[in-house]
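Close look at the chain arrangement
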Amino acid sequence: MEINTHNAEILLSAANKSHYPQDDLPEIALAGRSNVGKSSFINTMLNRKNLARTSGKPGKTQLLNFFNIDDKMRFVDVPGYGYARVSKKEREKWGRMIEEYLTTRENLRAVVSLVDFRHDPSADDVQMYEFLKYYEIPVIIVATKADKIPRGKWNKHESAIKKKLNFDPSDDFILFSSVSKAGMDQAWDAILEKL
Ligand SMILES: Nc1nc2c(ncn2[C@@H]2O[C@H](COP(=O)(O)OP(=O)(O)OP(=O)(O)O)[C@@H](O)[C@H]2O)c(=O)[nH]1
Ligand SMILES: [Mg+2]
């Protein structure tokens, strides 16, 4: 598929099904803990500075944000999990919103599941991966902030992450940096293959 990735815009934000776009364009959702770099990933992939709003403050993204890419596909920015300063009630609301999207959305082609390359995956990261595998949702693991780890340590970090996730070798695993743009072409290849 030929996609002009420069032709991108925010389409809408939704809290539930009734607000999702009503067509059959393929969607790629971004999941990961708060602050892992989901919005930065979208911006990098689309060559934009701040289309998906980023911030040093976790919990910035609160709704499902749908981005139209050249009227051919969409990115769906999903609020991050694991942000400590939210109430139990808010966490439950978050859970229902994500679960509804991931388990019922026919447009969904794959989830880009982001993990921080610097650290072992959190319990929430592991749970998200297990959830996606259980529902047989195609998953692309993107390890973010690779620029913060010297190359000599990349193999060690990659092995540790794969082990903790119980990574399925038939899934994609991509090292990524929004700073250096490392992994961007590979990420696009993996995404386009899922559409
Ligand atoms: N060095 C480095 N910093 C990054 C990278 N990606 C994101 N960041 C920084 O990490 C912080 C959080 O990035 P966001 O993209 O807002 O994270 P998010 O996952 O969208 O966070 P929420 O919306 O809160 O869930 C920002 O300060 C980014 O500049 C990366 O690849 N390398
Ligand atoms: Mg965000």
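Now for a look at the structure at hand. In this text the structure is predicted, and so the values were computed from the model without any measurement. (Residues numbered from 1 in each chain as written. Chains lettered and ligands numbered in written order. Predicted model: local features only at pLDDT ≥ 70, side-chain atom pairs only at ≥ 80, totals over all residues. Heavy atoms only, no water.)

**Some remarks on the sheet that holds strand β7 (residues 172-175)**
- One open sheet accounts for seven strands, arranged β1-β3-β4-β2-β5-β6-β7; its pairing is mixed. Each edge of the open sheet is held by one strand with a lone partner, namely β1 (8-14) and β7. This sheet shows a mean twist of 25° between the axes of neighbouring strands, independent of strand direction. (Pairing = 2+ DSSP bridges. Helix = DSSP H or I, 4+ residues; strand = E, 2+ residues; numbered from the N terminus. Axes fitted to C-alpha atoms, helices over the stretch in contact; angles between N-to-C directions.)

**Quick look at the packing of aromatic side chains**
- By the definition in use, this model includes 12 aromatic pairs.
- Consider the rings of F66 and Y101, whose centres lie 6.2 Å apart with planes at 75°: the pair is edge-to-face. Highlighted residues: F66 in strand β3 (residues 64-69) and Y101 in helix α2 (residues 88-104), separated in sequence by 35 residues. Across the pair, exposure class does not vary: F66 and Y101 are buried alike.
- With centroids separated by 6.4 Å and ring planes inclined at 80°, the aromatic side chains of F117 and W154 adopt a geometry described as edge-to-face. Remark: W154 occurs in helix α4 (residues 154-165) and F117 occurs in the loop between β5 (108-116) and α3 (123-134); sequence separation between them is 37 residues. For the pair F117 and W154, one class covers both residues: buried.
- The rings of F41, F75, F176 and W188 are connected pair by pair, giving a single aromatic cluster.
- The ring of F173 is capped by K162, whose NZ or CZ atom sits 4.9 Å from the centre of that ring. (Phe/Tyr/Trp six-rings, centres within 6.5 Å; stacked < 30°, edge-to-face > 60°. Buried < 20%, exposed > 50% of the residue type's maximum accessible area, 1.4 Å probe, protein only. Lys NZ or Arg CZ within 6 Å of the ring centre and 35° of its normal.)

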